[in-house]
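So the chains spell out like this:
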Amino acid sequence: MAETLTGAQALIRALEHAEVDVVFGVPGGAILPAYDPILDSPIRHVLARHEQGAGHMASGYAHATGKVGVCVATSGPGATNLITPLQDAYMDSVPVVAITGQVATRAIGMDAFQEAHTWGISMPCTKHNYLVTRVDELPDVIAEAFHLAATGRPGPVLVDIPKDILNATMTWHRPGEIDLPGYKPSVKGHPKQVKAAVEMIHRSQRPVLYAGGGIIKAEASEALRHFAEQANVPVVTTLMARGAIPDSHPLALGMPGMHGNYTAITAMQRSDLLITIGARFDDRVTGDVATFAPDAKVIHVDVDPAEIGKVREANVPIVGDARTVLEQLIETMSSLLDGAEPPEREPWFSQLAAWQEEHPLTYHQDPDGPIQQQYVIEQLHRLTRGDAIVVAGVGQHQMWASQFWGFERPRTWINSGGLGTMGYAVPAAIGAKVGMPDETVFAIDGDGCFQMTSQELITAAIDGIPVKIAVMNNTSLGMVRQWQKLFYGERYSAVDLTDHTPDYVKLAEAMGCVGLRAETPAEVVPTLEKALAINDRPVVVEFKCDPEAMVFPMIPAGGSNDHVVLGPEDLA
Amino acid sequence: MKHVISVTVENKPGVLARISSMFARRGFNIHSLTVGPTEDPRLSRMTVVVDGPEMEQIVKQLYKLVHTVKVTELDPTETVEREIMLVRVNAEASRRGELLDAANLFSAKVVDVGASTVTFEVAGEPSALNDFLELMRTYGITSLVKSGRIAMAKDLKTTTKRSRLRTA
Ligand SMILES: Cc1ncc(C[n+]2csc(CCOP(=O)(O)OP(=O)(O)O)c2C)c(N)n1
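Residues numbered from 1 in each chain as written. Chains lettered and ligands numbered in written order. Predicted model: local features only at pLDDT ≥ 70, side-chain atom pairs only at ≥ 80, totals over all residues. Heavy atoms only, no water.

As for the overall build of chain B
Step number 1: Helix and strand counts for chain B stand at 4 helices and 9 strands.
Step number 2: In chain B, the order of α-helices and β-strands from amino to carboxyl end is β-α-β-β-α-β-β-α-β-β-α-β-β.
Step number 3: Each of the three principal axes of chain B carries a C-alpha extent, and together these read 65 × 30 × 30 Å.
Step number 4: Residue burial in chain B is summarised as follows: out of 168 residues, 45% are buried.
Step number 5: Sequence separation of at least 24 residues holds for 74% of the intrachain contacts in chain B that already meet a minimum separation of 6. (Helix = DSSP H or I, 4+ residues; strand = E, 2+ residues; numbered from the N terminus. Buried < 20%, exposed > 50% of the residue type's maximum accessible area, 1.4 Å probe, protein only. Contact = heavy atoms within 4.5 Å.)

Written out as structure tokens, the structure reads:
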């Protein structure tokens, strides 16, 4: 039976069709019509306190669940506040759909109240975007937006809807077939290339599997582990791929890159073959590109052909979905091995073991000294048995969390890798907890980052989203301070956040959360235990940490991965 | 070095903005860009002349745009290229005859005559247009408008392997 709906009703119906269970947003004039039918929909709306929060919540939700995260904002300032999370999701290939209200069609271009050229502004930070011009097209546009966000290389898609279109009426129709003649992501790798890759891997003496975030996005962790074992190849996991293979696995080398561990960095550097899957030779991984992994041939598997050859020439390019290609690699390797064992690669594995022995990740917790963040992270890992989703901000605490948390499963590490967005952790943790309510979601945040989005604590408290947030209070913008300490002769400029401002415990309480504090190493474990025991409210735990601590190893920006700086003495 | 790329796109609002925004963001240099309808009303075709040694990234980034249907880098030896221009030159009475003779050699059409200028329309191979401009410089060019190049592969098998790459 033909059913007449308003554009707003059709929008909500289309979201239901896309199996959306929750949206994160802030209402306003232009999007107002959409907020009425949402009351009658099973879709949950989480009211963020800032649209940036709504955007990162959608991203955290998507990271944790693998589903598309949805955020909603009004026109003008609502939409512009979404730009940071959109760019963040774009850089990290996170499937997000943003719905924004726009001024009425007639008013577009007239500098109307709360008008912004959202379509133009969001174009370079989305995979695709729409300005809806006819109410009839709403069902198809929404279906297309979800299809684009989730398939191929995932990413954010924005749909801008003028207010008159939300108010207009249409005869509801289910979305039709997706018709995008120019959009056909490759899934399967070319069999000839797969065969060439397998032969190259089999011959290689010093191979490294360079696993990127694409492994997580493609749900390819199982296949990755299987292939690594089958081919007997060690695996490095980039910042976006932590958890892609268990850190406890004998073939796992941990994280490479600017603050990676010595073995992961050096294994890539000395490798004769980088089997790159869902990674993009980011400058934080390669350091100086000219001197990066000089002897390595490259197999590059990516769903986005533009990543192949962008930074480093590939000897064997394979366009395809990470999981599908890994399964093809496994099958092809099976027939090549034909029951035989893979090469032992004894000298290579002894070399790796020697490096691990010689240069492990270390820190020292003086029982009478200030708290070291690594100690908090290790103790939290022990108390939770690593069974938690960890969300980080951007800075020193992020690097320590990635280094010292032993990740055992995919989708348990959520952070802003490509854009490095301070303020990501609190809202992303909220989104993750909404998506995975039965998991412990623990944000490890810096005091600087926390102050960028801490208003979302009230969202967590009121909406019943019991996240836990560790504020690593080193009283400074620590990562910037570290660079000033190392490269600007300890001339500290605009990095001091000053002890006790604000009072994080009181701030937490004022926001309806539990506030806890640990000031000495001895207080760390009991305070964490208390935090872990509270599951009916959000908890904020402040740790008063050592302001002088620095993250090592380190490759100074633009430096060569040949020169891993293990401590300040290496820079003297 | 200049390369000519033929880009078939869905005929959707804003598609030109998407292409030019992508060129700006990736730091690719556009020498000229023309766009118009095709034999199929759902599609538009652009001819983009770009500067630079590296075409592979440009082609791949073009494909990455959702509305891009096909990208072909055209081989100059197997391509028909055309451009049209309007050029206004100084034409004092004493040199007018000589000027018109020169223009005749290029089949340039007089489209406007002013008190001390003549305006020509010239259409043809881009290189012929440049030759004509060289010649006109001696008289003094006061105004120039070029359409930008349009190009079409000759009816041979010319698609390069790049045109078959598909994007996510
Ligand atoms: C939005 C934003 N602004 C500025 C920066 C630059 N930046 C990178 S790390 C950092 C300091 C972060 O301080 P804090 O949250 O206290 O973390 P810490 O490094 O001390 O662990 C800054 C300012 C950024 N990454 N993001």
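Text resumes after the structure shown.
A short note on the overall build of chain A
Step number 1: Within chain A, the regular secondary structure consists of 23 helices and 20 strands.
Step number 2: Its C-alpha radius of gyration of 24 Å places chain A within 12% of the 25 Å reference for a compact globule of 572 residues.
Step number 3: With respect to the principal axes defined by its C-alpha atoms, chain A has extents near 70 × 60 × 40 Å.
Step number 4: Counting all 572 residues of chain A, 61% fall into the buried class. (Rg over C-alpha atoms; globule rule 2.2 N^0.38 Å.)

Regarding the domain arrangement of chain B
As a measure of interface size, the accessible area lost when the parts come together is often cited.
Residue and element names in this part refer to chain B.
Step number 1: When cut into domains, chain B gives domain 1 (2-74) and domain 2 (81-150).
Step number 2: The centre of domain 1, based on its C-alpha atoms, is set 30 Å off from the matching centre of domain 2.
Step number 3: At the junction of the two partners, domain 1 supplies 6 residues and domain 2 supplies 5 residues.
Step number 4: Of all residues in domain 1, the largest losses of buried area upon contact with domain 2 belong to Val4, Thr34 and Thr47, amounting jointly to 64% of the total for that side. (Domains from an automatic or database assignment. Buried area = accessible area lost by both parts, 1.4 Å probe.)

With respect to the domain arrangement of chain A
Residue and element names in this part refer to chain A.
Step number 1: Entries for chain A in the domain assignment read domain 1 (4-171), domain 2 (191-358) and domain 3 (373-552).
Step number 2: Its C-alpha centre places domain 1 at a distance of 37 Å from the equivalent point of domain 2.
Step number 3: Taken together, the contact pairs 8 residues of domain 1 with 6 residues of domain 2.
Step number 4: For the pairing of domain 1 and domain 2, the buried interface totals around 610 Å² over both sides, and the portion due to carbon and sulfur atoms is 58%.
Step number 5: Taken together, the links from domain 1 to domain 2 amount to 2 salt bridges.
Step number 6: Counting every contact that joins domain 1 to domain 2 gives 3 residue pairs in polar contact (both at pLDDT 80 or more).
Step number 7: Classifying every residue of the side of domain 1 that touches domain 2 gives 3 nonpolar, 3 polar and 2 charged. (Salt bridge = Lys/Arg side-chain N within 4 Å of Asp/Glu carboxyl O. Polar contact = N/O pair within 3.5 Å; in protein donor to acceptor, adjacent residues only side chain to side chain. Nonpolar A, V, L, I, M, F, W, Y, C, P; charged D, E, K, R; others polar.)

Thoughts on the sheet that holds strand S14 (residues 316-319) of chain A
Residue and element names in this part refer to chain A.
Step number 1: The sheet built from 6 strands is open, its strands ordered S11-S10-S9-S12-S13-S14 with parallel pairing. Here the strands that pair on one side only, and so sit at the sheet edges, are strand S11 (252-254) and S14. Direction aside, neighbouring strands of the sheet carry axes that sit 20 degrees apart on average.
Step number 2: Bridge count for strand S12 (residues 273-277) against strand S13 (residues 297-302) is 5 bridges, and the pairing is parallel. Within S13, the position partnered with Leu274 by the bridge is Val298.
Step number 3: Along the sheet, helix H9 (residues 191-203) makes contact with S12, S13 and S14, crossing S14 at roughly 135 degrees.
Step number 4: Helix-sheet contacts for helix H12 (residues 262-270) involve strand S9 (207-211), strand S10 (235-237), S11 and S12, and the interaxial angle to S11 is about 110 degrees. (Pairing = 2+ DSSP bridges. Axes fitted to C-alpha atoms, helices over the stretch in contact; angles between N-to-C directions.)

Side note on the confidence of the model for chain B
All names here are of chain B.
Step number 1: Put simply, chain B has an average pLDDT of 91, and 93% of its residues get 70 or more.
Step number 2: Contacts of residues 163-168 to residues separated by more than four positions or lying in other chains number 28 contacts, the stretch itself having pLDDT below 50.
Step number 3: Scoring the predicted complex yields pTM 0.96 and, for the interface, ipTM 0.93. (pLDDT = per-residue confidence, 0-100.)

Structural notes on the pattern of salt bridges
Step number 1: Applying the stated criterion across every chain, the model contains 34 salt bridges over all chains.
Step number 2: The partner of Arg323 of chain A in a salt bridge is Glu327 of chain A, and the shortest N-O contact between them spans 3.9 Å. Separated by 4 residues within a single helix, Arg323 of chain A and Glu327 of chain A lie in helix H14 (residues 322-337), roughly one turn from each other.
Step number 3: According to the relative accessible area criterion, Glu327 of chain A is partly exposed, its value standing at 41%.
Step number 4: Here the salt bridges share partners, and the residues they tie into one network are Arg153, Asp304, Glu307 and Lys310 of chain A together with Lys64 of chain B.

Some points on the site of the ligand
Residue and element names in this part refer to chain A.
Step number 1: The local shell around the ligand holds 17 residues, among which His397, Asp447, Cys449, Gly478 and Met479 are the closest.
Step number 2: A distance of 2.8 Å separates an oxygen atom of the ligand from a polar side-chain atom of His397.
Step number 3: Within the side chain of Asn474, an N or O atom sits 2.9 Å from an oxygen atom of the ligand.
Step number 4: Expressed as a share of its isolated accessible area of 580 Å², the protein-covered part of the ligand is 76%.
Step number 5: Of the residues forming the shell around the ligand, the biggest block, 4 residues, is contributed by helix H19 (residues 447-453).
Step number 6: Residue composition of the shell around the ligand, by class: 7 nonpolar, 9 polar and 1 charged. (Near = heavy atom within 4 Å. Areas by Shrake-Rupley, 256 points an atom, 1.4 Å probe, with all protein chains shown as cover.)

A few points about the packing of helix H11 (residues 221-231) of chain A against H14 of chain A
All names here are of chain A.
Step number 1: For the pair H11 and H14, the least separation of the axes is 9 Å and the interaxial angle reads 25 degrees. Judged by the angle between their axes, H11 and H14 are roughly parallel. Handedness of the H11/H14 crossing: left-handed. On the side of H11, the interface is formed by Ala223, Leu224, His226, Phe227, Gln230 and Ala231, while H14 contributes Arg323, Leu326, Glu327, Leu329, Ile330, Met333, Ser334 and Leu337.
Step number 2: Of the residues that constitute the contact of H11 with H14, the class distribution is 9 nonpolar, 3 polar and 2 charged. (Parallel < 35°, antiparallel > 145°, perpendicular 65-115°, else oblique. Left-handed = near helix turned anticlockwise from the far one by under 90°.)

Regarding the environment of Thr498 of chain A
Residues and elements named next belong to chain A.
Step number 1: The topology assignment puts Thr498 in the loop between helix H21 (478-487) and helix H22 (504-510).
Step number 2: In this structure Thr498 comes out as partly exposed when scored by relative accessible area, which is 41%.
Step number 3: The spatial distance from the C-alpha of Thr498 to the C-alpha of Glu177 is 57 Å, given a sequence separation of 321 residues.

Points about the pairing of strand S2 (residues 22-25) of chain A
Residue and element names in this part refer to chain A.
Step number 1: Residue alternation in S2 divides its side chains into two sets, Val22 and Phe24 and Val23 and Gly25, and both sets are buried.
Step number 2: Note: S2 against strand S3 (residues 44-47), 4 bridges, orientation parallel. Within S3, the position partnered with Val23 by the bridge is His45.
Step number 3: For S2 and strand S4 (residues 69-73), the ladder comprises 2 bridges, and the chain directions are parallel. If you follow Phe24 over to S4, its bridge partner there is Cys71.

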